[in-house]
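Each chain, letter by letter, is given below.
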Amino acid sequence: MAAPDELFCWEGDWGLPSVSTDCLVVLAYAQFAGAPLKLRKMSNPWRSPSGSLPTLRTNQKETLSRPSDIIIHLRKQKYNADYDLSAKEGADSLAFISLLEEKLKPALIYTFWIEPKNYVDVTRRWYAEHMPFPLNFFLPGRMQRSQLEKLRLLRGDESLEAGEELEKELYRDAAECMNLLSQRLGSHKFFFGDSPSSLDAYVFGHLAPILKSKLPNGKLQQHLKSLDNLCNFCSNILLLYFPRDGRESYSQKTSSTTHSEGGDFDNVPNKRRKQLLSALVALGAMLSYALLTGIVSIQHIQQEALEEPPDLQPMGSHDEDEGDG
């Protein structure tokens, strides 16, 4: 029996199986289609075969990173969530997915990666806290630049920068898109009958992060929360297909309210104080170690100065040890 394909994804938070829209789309589709994937959740994209997330590594060792390519591959393996769609429903599905990519995705990128307060307080903080050292120092900034380039590409404007006018335009387009999705869904559980399709996976992947994250600037979230059927749609998918993530979110919420009713942002000063103390302790240890090795080196040189020049090899090996640690 062939080994299952491996799916590498960003880990979850906020009661979601992943914090990444692209990962959520793939995870939802795989669940809907019943694809037996070996799931590897991580917070270090450099550990994935492609250096990015999501990535699917097939049992033939081929790697795929775009959600659409991964879904096409799963369909070829007979895991097709769109099997029961009529020709018209298939065409409608493609049209709505294109609408999502054109109207909602730019606003999603702006909300999480470009809007200054959301980026600093939520997005950058999450990735910096979850990524391993030293990636957490530079990778969130590199990811932000990549997302800005993606937004410029989607908008066809190479000089596009954050600003009030751009925000208004993006949020207006996103609100129109959400209204159309809400009208199309109506009172149904899924977009095409009783079973979820690829459109349901794309809509869930784009809306769930807006609904579940705690954003300081929540304009997009406010509009989504005014559309009850879309909120229920996301909640039902989480309940039916990702129940463990919802339970973890509830237990985290319960424990956090037990300690403090103020939520995530109230604990920041204590956290920063602990981080500062940790940094000072580490710095002290490094200085002490440097001083000690310096004293030993001086004594060694004083004893053998007349015999031979000082051996520089230990410094090279010391550097390698530090890099490994």
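Residues numbered from 1 in each chain as written. Predicted model: local features only at pLDDT ≥ 70, side-chain atom pairs only at ≥ 80, totals over all residues. Heavy atoms only, no water.

As for the sheet that holds strand β2 (residues 38–42)
To be explicit about the condition: Pairing between two strands requires that DSSP report at least two bridges joining them. Numbering goes from the N terminus for both helices and strands, where a helix is a DSSP run of H or I of at least four residues and a strand is a run of E of at least two.
Sheet architecture is open: four strands sit in the order β2-β1-β3-β4, paired in mixed fashion. The two strands at the open ends of the sheet, each matched to only one other strand, are β2 and β4 (63–64). For strand β3 (residues 55–57) and β4, the ladder comprises two bridges, and the chain directions are antiparallel. The partner of R57 across the bridge, within β4, is T63.

Re unusual backbone geometry
Cis geometry marks the peptide bond from L53 to P54; its omega dihedral reads 0°. Tracing the chain through its elements places P54 in the loop between β2 and β3. Cis rather than trans, the peptide bond between F133 and P134 has omega equal to 5°. Positionally, P134 belongs in the loop between α4 (116–130) and α5 (135–155). The backbone of K61 shows a phi angle near 70°, a positive value even though the residue is not glycine.

Looking at a nonpolar patch on the surface
To be explicit about the condition: Any residue with relative accessible area above 30% and no salt bridge may belong to a patch, with like charges joined within 9 Å and the nonpolar Val, Leu, Ile, Met, Phe, Trp and Tyr side chains within 5 Å. Method for areas: the Shrake-Rupley scheme with a 1.4 Å probe, in which residue coverage is limited to the protein chains shown. Think of a salt bridge as a Lys or Arg side-chain nitrogen and an Asp or Glu carboxyl oxygen that are within 4 Å of each other.
Nonpolar side chains collect at one region of the surface, where W46, F133, F137 and F138 lie side by side and expose about 520 Å² of accessible area between them. Turning to its location among the elements, F138 is positioned in helix α5.

Thoughts on the nonpolar core
We count it as follows: Residues belong to a common nonpolar core when they are buried Ala, Val, Leu, Ile, Met, Phe, Trp, Tyr or Cys residues joined through side-chain atoms within 4.5 Å. Partly exposed describes any residue whose relative accessible area lies between the buried limit of under 20% and the exposed limit of over 50%, with all areas from a 1.4 Å probe on protein chains only and scaled to the type maximum. Any two residues whose heavy atoms approach within 4.5 Å at even a single point are treated as in contact.
Of all hydrophobic cores here, the largest spans 80 residues; its most connected members are W10, F191, F204, L207, L230 and F233. Look past the residues within four positions of F204 in its chain and what remains in contact with it is L24, A28, P209, F233, C234, I237, L238 and F242.

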